[in-house]
Amino acid sequence: MANKIKIQFPDGSKKSFDKGVKAIDIAKDISEGLARAVLAAEVNNKLVDMNTKIEENSIINFVKFNSKAGWDTFQHSAAHVLAQAILRLYPKAKLTIGPTIEEGFYYDIDMPPIKQEDLGKIEKEMQKVVDENLAVSRHVVSQKKALEMFKNNKYKVEMIKDLFSNKVTGTQKTKSSVVPKSEKITYYEQGEFKDLCRGPHVSNTGAIKSFKLLQTSSAYWRGDAKKESLQRIYGVAFPDKKELKKHLFMLQEAKKRDHNKLGRELEYFTTSEVVGKGLPLLMPKGAIVKRILQRFIEDEEEKRGYVPTITPVLTKSDLYKISGHLDHYRESMFVFETNGEEMCLRPMTCPHQFMIYKFKKRSYRELPIRYSEVSELFRNETSGELHGLIRVRQFTLSDAHIICRPDQLEKEFEDVLHLVEYVMDCLGIKEQVWYRFSKGDLSKPDKYIDNPKAWKQSEATLKKIIDKLGVKYVEEEDEAAFYGPKLDVQMKNVYGKEDTLFTIQIDFALPEKFDMTYTDEKSNSVRPMIIHRASIGCLERTMALLIEHYAGKMPLWVSPIQARILTVSEKFTKYGQEVKDKMRAAGLRVELDDRTESIGKKIRDAQLEKINYMLVVGEREVKDKTVTARNFFNKVLGAKKVDSFIKDLVKEVDEKRIPKE
Ligand SMILES: [Zn+2]
Ligand SMILES: [Zn+2]
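Residues numbered from 1 in each chain as written. Chains lettered and ligands numbered in written order. Predicted model: local features only at pLDDT ≥ 70, side-chain atom pairs only at ≥ 80, totals over all residues.

## Some points on the domain arrangement of the chain
For the chain, the domain assignment lists domain 1 (4-64), domain 2 (69-257), domain 3 (270-549) and domain 4 (556-654). Spacing between the C-alpha centres of domain 1 and domain 4 amounts to 67 Å. (Domains from an automatic or database assignment.)

Structure follows, in structure tokens:
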């Protein structure tokens, strides 16, 4: 039996095969259909190609398109097809990196700028590569051989050298991405095309049945603006045409809701080259919504026992040496020197509020202290990360820090959770979110405070609390703040990209770093605990997700223009003005459209602007003291007495009602 091995399947069943059997033959042994559908295999938890020979007893798990690993394998294989087509069309182009992303794949290439119009030509060449159905093979070589093979591509040469020098490639500066020196290099080959790659890949190019190049943009080598400018080509691929069609339709629909498009069209915000990337300018509508969210959360927090602080955005970097930000977070900060001093634009509010706590001796009787501040924060995101109002360089966070005794931690955490739930209720997004328990990764001391005991303790405490509260959550490693684990409220944007909306964190580390204490009942000086939390998140991001969720048709209470009065002709301007004044006096945000346009045009314009209520005034309305109302779902509500209609709207605002068609 020496030349037989045992293969175990996910359901626990086992079967023996010849030693050296290929993964694909095991799949075929089960069924031809399975063999056609599998893209790669996990053999003893290691992702491999289907042509991989298996030499020992193993546990096998087949990877199909509908899993994360399957998606990645397929998209990355499509990226290789793109790269091959590019080299055929542009022989002088230099390939750099071509990773998989949630939305598909891209490849960064050093080549002359390409335009959207060029994509069709590239797709045609890709189709040829697919039609040729080239076998895809994996090869292992030494560093010397690899350097020789790729000597005409300085980017690949740099990557090969990095791999062997223990220097980390890309933007990830974490310990675990360092490859051990002894590892050899693998490359993949299909036809005349070779690319440095870890794999796995589909077995032949014919598997990439259906694909589409979506857009081009520029990017910098290693994301560094001082380095070479590259062309980035985005695409997505599917195993069949129907799936691709469905996906492209979804993208088209998503685009209509995309806040980065709709938010600009509706004049919530704009950007300007001279102001800079990632620094959106909120126009009156955006500013109104942001102010409403801010006033709402400030009032709500005051009711719940928070006290405000106002602290500076500009701070000496010394403060962040204490907090550890400079050690763990520096590359995301704006740090600069002026008058011989190193200064920062603050990335977080915590250290400032801790200074307020520390300004005098505290007693156990004073705790908990709940400091809140809607504060402007800064984050030096790379330009590739920036996106509309969601990823920006300056944003406004509804931040707070609850400093409490250990015996108060659970109750305080629960209260924060209730506040967050209330906020989601008011915004009408409770069904769209899920919770994520974000843990640290202690193998990355650069990224997280190196205090395993505190980490263990805080993760266990957080888990105990959320389990007790019955919170349903997913666990994820390597997503914590650098000083502690957190419970994140996650939501997807229109394209399905996940973002953190709100967050609650337990912190055992910073009280020590800042030497924060209070005097307990026995007159001992002891450390407090801290909850960092954001209740309504970043105001700009929350606004963006509301625009997308409601496709611009905002709940009345957050809507920038709640009603517009439309005059049938100039004869009714005076009455329209009276109605407007009355509504304004009741606290409603209302406009008057007394242009000499037709009423049909005025209604259309108001609908395009997604104004909640359109109120037509003419002869009959003047006589009856009414308005004829319709809403943004194009539902005609008919004649309404002005006074009672105002009361209805005020009630709708007070109840924070969610619009329903
Ligand atoms: Zn590759
Ligand atoms: Zn904080």
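## Structural notes on the sheet that holds strand β32 (residues 590-593)
Pairing is mixed in the open sheet, where five strands are placed in the order β32-β31-β33-β34-β35. Looking at strand neighbours, the two that pair on one side only are β32 and β35 (636-641), the edges of this open sheet. Averaged over neighbouring strand pairs, the angle between their axes works out to 25 degrees when direction is ignored. Pairing of strand β31 (residues 563-567) with β32, which is carried by four bridges, proceeds in the parallel orientation. Its bridge partner being in β32, Ile 565 is matched across the sheet by Leu 592. The sheet strands contacting helix α18 (residues 599-608) are β31, β32 and β33 (613-617), and the helix crosses β31 at an angle near 170 degrees. (Pairing = 2+ DSSP bridges. Helix = DSSP H or I, 4+ residues; strand = E, 2+ residues; numbered from the N terminus. Axes fitted to C-alpha atoms, helices over the stretch in contact; angles between N-to-C directions. Contact = placed C-beta atoms within 7 Å.)

## Things to note about the pairing of β35
Sheet faces and side chains relate simply in a regular strand, where the side chains alternate between the two faces. Alignment of strand β34 (residues 626-631) against β35, held across five bridges, turns out to be antiparallel. Paired with Val 627 across the strands is Lys 640, a residue of β35. Joining the antiparallel neighbours β34 and β35 is a turn of four residues, in which Asn 634 adopts a positive phi near 70 degrees.

## Points about the environment of Gln 116
Following the sequence through the fold, Gln 116 ends up in the loop between β10 (104-110) and α4 (118-131). Through-space distance from the C-alpha of Gln 116 to that of Lys 245 is 20 Å; in sequence the pair is 129 residues apart. Setting aside residues up to four positions removed in sequence, Gln 116 forms contacts with Gln 215 and Thr 216.

## Observations regarding the environment of Ala 481
Checked against the element boundaries, Ala 481 lands in the loop between β25 (473-476) and β26 (486-492). On the basis of neighbour counts, which here come to 23 C-beta atoms within 10 Å, the residue Ala 481 falls in the buried class. Counting along the chain gives 341 residues from Ala 481 to Val 140, while the straight-line C-alpha distance between them is 38 Å. The contact partners of Ala 481, leaving out residues within four places of it in the chain, are Lys 486 and Gln 505. (Buried ≥ 20, exposed ≤ 12 C-beta atoms within 10 Å, placed from the backbone.)

## Things to note about the packing of helix α3 (residues 68-89) against α4
Their axes nearest at 8 Å, the elements α3 and α4 cross at an angle of 115 degrees. It follows from the interaxial angle that α3 and α4 lie roughly perpendicular. Considering the relative orientation of α3 and α4, their crossing is right-handed. Touching Val 81, Leu 82, Gln 84, Ala 85, Ile 86, Arg 88 and Leu 89 of α3 are Lys 121, Ile 122, Glu 125, Met 126, Val 129 and Val 130, all from α4. Residues of the contact of α3 with α4, tallied by class, amount to nine nonpolar, one polar and three charged. (Parallel < 35°, antiparallel > 145°, perpendicular 65-115°, else oblique. Left-handed = near helix turned anticlockwise from the far one by under 90°. Nonpolar A, V, L, I, M, F, W, Y, C, P; charged D, E, K, R; others polar.)

## Structural notes on unusual backbone geometry
A cis amide bond, omega -5 degrees, links Gly 199 with the succeeding residue Pro 200. Along the chain, Pro 200 falls in the loop between β13 (193-196) and β14 (210-220). Residue Pro 368 follows Leu 367 across a cis peptide bond; omega there is 0 degrees. Along the polypeptide, Pro 368 turns up in the loop between α12 (350-358) and β22 (369-378). For Asn 45, which is not glycine, the phi dihedral falls at a positive 70 degrees. Checked against the element boundaries, Asn 45 lands in the loop between β4 (38-43) and β5 (46-48).

## Thoughts on the pairing of β22
As defined by bridge partners, strand β18 (residues 307-308) adjoins β22 across two bridges and the pair is classed as parallel. Bridge pairing in β22 links Val 307 to Tyr 371. When β22 meets strand β23 (residues 394-404), the two strands line up antiparallel, connected through ten bridges. The residue of β23 that forms the bridge with Phe 378 is Gln 394.

## Points about the sheet that holds strand β19 (residues 314-316)
Overall, antiparallel pairing links the three strands, which are arranged β19-β21-β20 in an open sheet. Edge positions in the open sheet fall to β19 and β20 (334-338), since each of these has one partner strand only. Within this sheet the neighbouring strands show an average axis-to-axis angle of 35 degrees, counted without direction.

## Here we look at α3
Helix length check: α3 (22 residues) gives 32 Å between terminal C-alpha atoms against 32 Å at 1.5 Å per residue, within 8%. Counting buried positions along α3 yields 17 of 22 residues, so the element is predominantly enclosed. (Expected span 1.5 Å × (residues − 1).)

## Looking at the confidence of the model for the chain
Averaged over the chain, the pLDDT score is 91; the fraction of residues at 70 or greater is 97%. Contacts from residues 168-180, a stretch scored under 50 in pLDDT, to residues over four places away or in other chains number 20 contacts. (pLDDT = per-residue confidence, 0-100.)

## A word on helix α14 (residues 452-468)
Taking 1.5 Å as the rise per residue, α14 with 17 residues should run 24 Å; its terminal C-alpha atoms sit 24 Å apart, in good agreement. Within the sequence span of α14, burial applies to Trp 455, Ser 458, Glu 459, Leu 462 and Ile 465. Buried residues of α14 fall within an arc of 135 degrees about the axis and therefore sit on the same side. Turned more than 90 degrees from where α14 packs its buried face, Pro 452, Lys 453, Ala 460, Lys 464, Asp 467 and Lys 468 sit exposed. Where α14 is buried, its residues contact α13 (409-427), β24 (434-438), β26 and β27 (498-507). Looking one or two residues past α14, Gly 470 carries a phi angle of roughly 75 degrees, positive in sign. (Arc of directions from axis to C-beta.)

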